[in-house]
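Structure at a glance
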Amino acid sequence: MKNHYPGLLPKAHLWTDVALLNLSFFFAYIFRFDNGITTLFENQYVNLLLVANLVWIFTIYVFKTYRFTRLSYHFNTQIASFLKAVTVHGAVMMAFLYLSKQGEEYSRYQFLMTYIMFISLSTASRAGAVLFLKIYRQAGYNYNRYGIVGKGDLATLIREFYAERKELGYRFSGAIDPSSETNPIEKLEAMVKEKQLDYLYCCLSEMNDEQVKEVIRMGERQRTHIRLVPDFRGFMTNMATIEYHDMYPIIEINTKPFSSLNEQTVKRAFDLIFSIIVMILGAPVFFLVWAAIKITSPGPVFFKQQRSGRWGEPFYIYKFRSMRVDADKMGLQHSQGDNDPRITPIGRILRKSRLDELPQFINVLKGEMSVVGPRPLYKYDVDMLMEAAPHDFQRLLTVKPGITSIGQINVGYADTVAKNVERLKYDLQYLKSYSVFDDVQLIFRTVQVMVLGRGQ
C-alpha cells in the first residue's frame, strides 16, 4: 500500500498535543478543586487555559517542534524536541503570571499537575505512535517506492540501509546502471512511470554532470523526489561537515580532532572541573602515598620526565616515584614487569593501582594534558612509532595526551613495537568522535582497573 498521506504524522502529533494539553489542564483542575469542571468557565482559569494554548502554538512554531521526516522520526528526537518546547512553554507561562501579577490567584498544585500529566500523556502517545508505525511498516503498509541510479558499492549500501530498517517504510523498486545503457535517461523515466517511484537516489560517483541535470529535469516532469548521494566513504571517519557559502555547499574535513570552539571549551571545562575535584577530594590519598614513598625509599617523592605532548611539543610529566633513584643507570628503557629490579616495593603497589599517575592532574591544570587522551610517550617510544606507523602516530599528536586512554586500559604499558602499535590502534578510536559521556565511561573503566589492581 503506497503512502497517500504525506505530512499527516506531524499534523497528528500537533493536534494530539494540543488536545492533551487541554485535557491535562481539565483533569488537573478537577483533582485540585471539588466543585467540578462546570465552574472552570465561570472563573479566571478559562483565561489561563486560553493563554496556555496561545503560548503553546507560538512555542511550537518558533522551535519547529513538528518538523521531521521519516528518517528523523525517532522516539528520542521526538521527546527531546517536545521537552524543549514544554520547558520554554512553562517558563513563558510563569513569566506571564509574574508580570501580570496574577500568580497568587492560581493554584500552584494545579499548574504543576497540568505539566506532569501533559508530559506523561504526550510521551506515551509518542511511544505508541513509534511502535505502531514500526509494526505497520514492517507489515508492508505505508511505504515509499525508491529506485537507484548506479550499480556499485554505494548503491549496495543504500539498499542495505533500507533493507535493515524496514520500519522506515522504503521499498526498493529497481536500479539503472548509467554507464552500461545507451540511453539511460529514457529507460530511467520509463521505470519511474511504471513503478510510480517516490524517490530516486543518484550515486554521483557513477554519473556525469549532464546526466545529473537530465535526471533532475526528469524528476520535475514525473514529480519524483531526487536525492543526490555523494561518495563520502573515504573520509567520513574524519567527521566531514557541510557548510553553505552563499548557495555553494562546502565539505570540510575535520583533520584536527577537538578543533571546534565548542569541543575545545567542553573538553577543557571538563578537565578543569574533574581535576580540581580529584585534587581536593583526593588530598588524603595524595598525602598517604607521599608518606609511604618517603618512609620506604630514599630519594624524592615525585618523578618528572620529558614526554611528547600535543603537536610533538616536549613537556615534563609528573608522577609519584615508583623506581629507585639510580634506575636510569641500569640501561633499561622500559619496565620489565613485576621482576624489574628497579621498582621499589611500594612502587609495585602504585603501578598496579595506577596511583603513581595521580600527580599528572597537575599537568592537566597547566593545560599540558587532558584527563582522557592517548598516553604521552617517552622519546624512545616516539622514535619507535614514527618508524612503525608514522601517519597514525602523527594523528595522535593532534590532541593533548591524557592520564588514561582506551589503549592504556586495554593494553597497558607498551614495551615492544607490537604492543605500541596495538595501543596506538585503540587510541585512534578516540579521535573519531568526542563526548563527555565517552570520557566519563573511560574514567569509570580506569577506576575499575585501579580498584582491582590490574595496572601494568
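For clarity, every value in this text was computed on a predicted model and none was experimentally measured.

Some points on the overall build of the protein
Secondary structure assignment for the protein yields 16 helices and 10 strands. Sequence separation of at least 24 residues holds for 71% of the intrachain contacts in the protein that already meet a minimum separation of 6. For the protein, the exposed surface amounts to about 25900 Å²; the carbon and sulfur share of it is 61%.

Topic: the confidence of the model for the protein
Averaged over the protein, the pLDDT score is 84; the fraction of residues at 70 or greater is 86%. Across the protein, element-level confidence peaks in helix H11 (residues 360-366) with a mean pLDDT of 94 and bottoms out in strand E5 (residues 241-245) with 65.

Things to note about the UniProt feature "transmembrane region" (unreviewed entry) in the protein
The feature "transmembrane region" (unreviewed entry), as given by UniProt, occupies residues 12-33, 45-63, 75-99, 111-133 and 272-293 in the numbering adopted here. Split by type, residues 45-63 is 100% helix and 0% strand. Its first and last C-alpha atoms lie 27 Å apart. Spanning residues 272-293, this segment combines 95% helix with 0% strand, and its end C-alpha atoms are found 27 Å apart.

Let's talk about the sheet that holds strand E3 (residues 199-203)
The 4 strands are arranged E2-E1-E3-E4 in an open sheet whose pairing can be described as parallel. With partners counted over all chains shown, the strands left at the sheet margins are strand E2 (170-176) and strand E4 (225-229), one partner each. On average, each strand axis in the sheet is inclined to that of its neighbour by 25°, with strand direction left out of account. Of the strand pairs in this sheet, strand E1 (residues 144-149) and E3 are connected by 4 bridges, and their pairing is parallel. Paired with Ile148 across the bridge in E3 is Tyr201. Its contacts with the sheet place helix H7 (residues 209-222) against E3 and E4, and it is angled at close to 155° to E4.

Focus on unusual backbone geometry
Not every positive phi belongs to a glycine, and Lys101 is a case in point at roughly 55°. By the secondary structure assignment, Lys101 is in the loop between helix H3 (75-99) and helix H4 (108-138). Unlike most non-glycine residues, Trp311 shows phi in positive territory, near 60°.

Structural notes on the nonpolar core
Within the largest apolar cluster, 35 residues are counted, with the highest numbers of intra-cluster contacts made by Ile293 and Phe320. Excluding residues that lie within four positions of it along the chain, Phe320 makes contacts with Phe286, Val289, Trp290, Ile293, Val301, Phe302, Leu350, Leu355, Asp356, Leu358 and Pro359. Within the second largest apolar cluster, 27 residues are counted, among which are Leu40, Tyr45, Leu97 and Tyr106.

Section: the packing of aromatic side chains
This structure, assessed with the given rule, holds 25 aromatic pairs. Consider the rings of Phe68 and Tyr73, whose centres lie 5.1 Å apart with planes at 35°: the pair is tilted. Each of the two residues, Phe68 as well as Tyr73, counts as buried. Aromatic side chains Tyr146 and Tyr170 sit 6.4 Å apart centroid to centroid with 65° between the ring planes, which places their arrangement in the edge-to-face category. Here Tyr146, found in strand E1, pairs with Tyr170, found in strand E2; they are 24 residues apart in sequence, far enough to count as distant.

Observations concerning the environment of Val266
With respect to the helices, strands and loops of the structure, Val266 is situated in helix H8 (residues 261-281). Relative accessible area serves as the criterion here: at 32%, Val266 is assigned to the partly exposed category. Taking C-alpha positions, Val266 is 8.8 Å from Ser435, a pair spaced 169 residues apart along the chain.

With respect to the environment of Val149
Structurally, the position occupied by Val149 is in strand E1. Sequence spacing of Val149 and Cys203 is 54 residues, and the spatial spacing of their C-alpha atoms is 6.0 Å. Excluding residues within four positions of it along the chain, Val149 makes contact with Ile176, Pro178, Leu188, Leu200, Tyr201, Cys202, Cys203 and Met207.

Concerning empty space enclosed by the protein
Tallied over the full model, the rule gives 3 cavities of 30 Å³ or more. If you add up the space inside the largest cavity, you get close to 160 Å³. Surrounding the largest cavity, 18 residues form its lining, Pro374, Arg375, Leu377, Phe393 and Leu396 being those nearest its centre. Within the residue set of the lining of the largest cavity, elements represented by two or more residues are helix H12 (379-388), helix H13 (390-396) and helix H15 (417-430). Among the elements that take part in the lining of the largest cavity, H15 stands out by supplying 4 residues, more than any other. Looking at the lining of the largest cavity residue by residue, the classes come out as 11 nonpolar, 3 polar and 4 charged. Size it by volume and the second largest cavity reaches roughly 80 Å³. Residue lining of the second largest cavity: Leu21, Phe25, Leu48, Ala52, His89, Met93, Gln110, Phe111, Thr114 and Tyr115, and that is the complete set. When residues in the lining of the second largest cavity are grouped by element, the largest group, 4 residues, is from H4. In the lining of the second largest cavity, the residues fall into 7 nonpolar, 3 polar and no charged.

Digging into the side chain of Ser107
Within the secondary structure, Ser107 is located in the loop between H3 and H4. The exposure class assigned to Ser107 is buried, which follows from its relative accessible area of 9%. A polar contact of 3.1 Å, which involves the side chain of Ser107, links it to the backbone nitrogen of Gln110. Contacts of Ser107, omitting those with residues within four sequence positions, involve Arg32, Phe33 and Tyr45.

A few points about the pairing of strand E8 (residues 314-320)
Here strand E7 (residues 302-308) runs beside E8; their pairing, made up of 7 bridges, is antiparallel. Bridging from a neighbouring strand, Gln305 pairs with Ile317 of E8. Linkage of E7 to E8, two consecutive antiparallel strands, is achieved through a turn of 5 residues, within which Trp311 is found at a positive phi near 60°.

What counts and how
Residues numbered from 1 in each chain as written. Predicted model: local features only at pLDDT ≥ 70, side-chain atom pairs only at ≥ 80, totals over all residues. Heavy atoms only, no water. Helix = DSSP H or I, 4+ residues; strand = E, 2+ residues; numbered from the N terminus. Contact = heavy atoms within 4.5 Å. Areas by Shrake-Rupley, 256 points an atom, 1.4 Å probe, with all protein chains shown as cover. pLDDT = per-residue confidence, 0-100. UniProt positions renumbered as here; feature names shortened; annotations may be inferred. Pairing = 2+ DSSP bridges. Axes fitted to C-alpha atoms, helices over the stretch in contact; angles between N-to-C directions. Core = buried A, V, L, I, M, F, W, Y, C linked by side-chain atoms within 4.5 Å. Buried < 20%, exposed > 50% of the residue type's maximum accessible area, 1.4 Å probe, protein only. Phe/Tyr/Trp six-rings, centres within 6.5 Å; stacked < 30°, edge-to-face > 60°. 1 Å grid on protein atoms, 1.4 Å probe; cavity = no way out; pocket = protein on both sides within 12 Å on 5 of 7 lines; lining within 4 Å. Points joined across faces, edges and corners; volume = space filled by probe spheres on them. Nonpolar A, V, L, I, M, F, W, Y, C, P; charged D, E, K, R; others polar. Polar contact = N/O pair within 3.5 Å; in protein donor to acceptor, adjacent residues only side chain to side chain.

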